[in-house]
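Survey of secondary and tertiary structure
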Amino acid sequence: MADPQDDATVTPYALLGGDAALQALVARFYAVMDEDPTYAPIRRLHPPSLEGSADKLYRFLSGWLGGPPLYVQTYGPPMLRARHLPYPIGSLERDQWMACMRQAMADCAVPEPLAAALGEALSRTADWMRNKPGDLPRMSG
Ligand code: HEM
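Figured I'd write up the structure that's included with this text. (Residues numbered from 1 in each chain as written. Predicted model: local features only at pLDDT ≥ 70, side-chain atom pairs only at ≥ 80, totals over all residues.)

Moving on, we come to unusual backbone geometry. A cis amide bond links Glu112 to the next residue, Pro113, at an omega of 5 degrees. For Ala109, which is not a glycine, the phi torsion comes out positive at approximately 55 degrees. Looking at where Ala109 falls in the secondary structure, it is placed in the loop between α7 (91–107) and α8 (114–128). (Helix = DSSP H or I, 4+ residues; strand = E, 2+ residues; numbered from the N terminus.)

Attention now goes to the environment of Ser91. Here Ser91 shows up in helix α7. Distance from Ser91 to Asn131, taken between C-alpha atoms, is 9.5 Å for residues 40 residues apart in sequence. Among all residues touching Ser91, those that are not within four sequence positions of it are Arg130 and Asp135. (Contact = placed C-beta atoms within 7 Å.)

Relative orientation of the contacting elements α7 and α8 amounts to 160 degrees, with a least axis distance of 10 Å. It follows that α7 is roughly antiparallel to α8 by the angle criterion. As for how α7 packs across α8, the hand of that crossing is right-handed. The segment α7 lies against α8, with Arg94, Trp97, Met98, Met101, Arg102 and Met105 engaging Ala115, Leu118, Gly119, Leu122, Ser123, Ala126 and Asp127. Grouping the amino acids of the contact of α7 with α8 by side-chain chemistry returns eight nonpolar, two polar and three charged. (Axes fitted to C-alpha atoms, helices over the stretch in contact; angles between N-to-C directions. Parallel < 35°, antiparallel > 145°, perpendicular 65-115°, else oblique. Left-handed = near helix turned anticlockwise from the far one by under 90°. Nonpolar A, V, L, I, M, F, W, Y, C, P; charged D, E, K, R; others polar.)

With that settled, consider the site of the ligand. By nearness alone, 22 residues border the ligand, and Ser53, Lys56, Phe60, Trp97 and Ala126 come closest of all. Elements represented by at least two residues in the shell around the ligand include exactly α4 (51–64), α6 (80–84), α7 and α8. Top contributing element to the shell around the ligand by residue count: α4, with five residues. (Near = placed C-beta within 6 Å.)

Put into structure tokens, the structure is as follows:
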């Protein structure tokens, strides 16, 4: 199988700036969630220490952006929706997660059009995490 690192295609991972830039983005994402009381509704779903959460999100996004598949190597198939079922997630939580991510992208100076494209793609993933009865994602178009 081809090593994704050898692929000549420019990945979002490369456009972002690779490993160090991704780690900085994830660190900023969780710092925003932790420090801004606006985001208490999603902060309190997480464990007291955000270290493990940050490491998992970093690993997941590494592969998702076209870089090394660090999450899959350690934890296997992401099955993100299933893994989020223990946490009540509706439109409010989805929108808060995206607001933290958009703030983090701005703070880390993620350039356009990459930031807009990531925002779009992550919004779809975040929407799919909704699992509250009466506030579920639409199953089709
Ligand atoms: C929609 C709003 C979301 C909320 C409220 C939320 C919340 C959470 C919480 C509470 C955890 C558990 C943290 C821990 O075990 O330390 C978690 C885990 C995780 N989240 Fe989210 N999340 C959301 C969306 C997303 C999105 C959009 C992604 C990816 C783009 C994502 C990626 C992950 C990953 C990779 C894990 C670790 C899963 C595991 O291995 O158990 N989450 N999330």
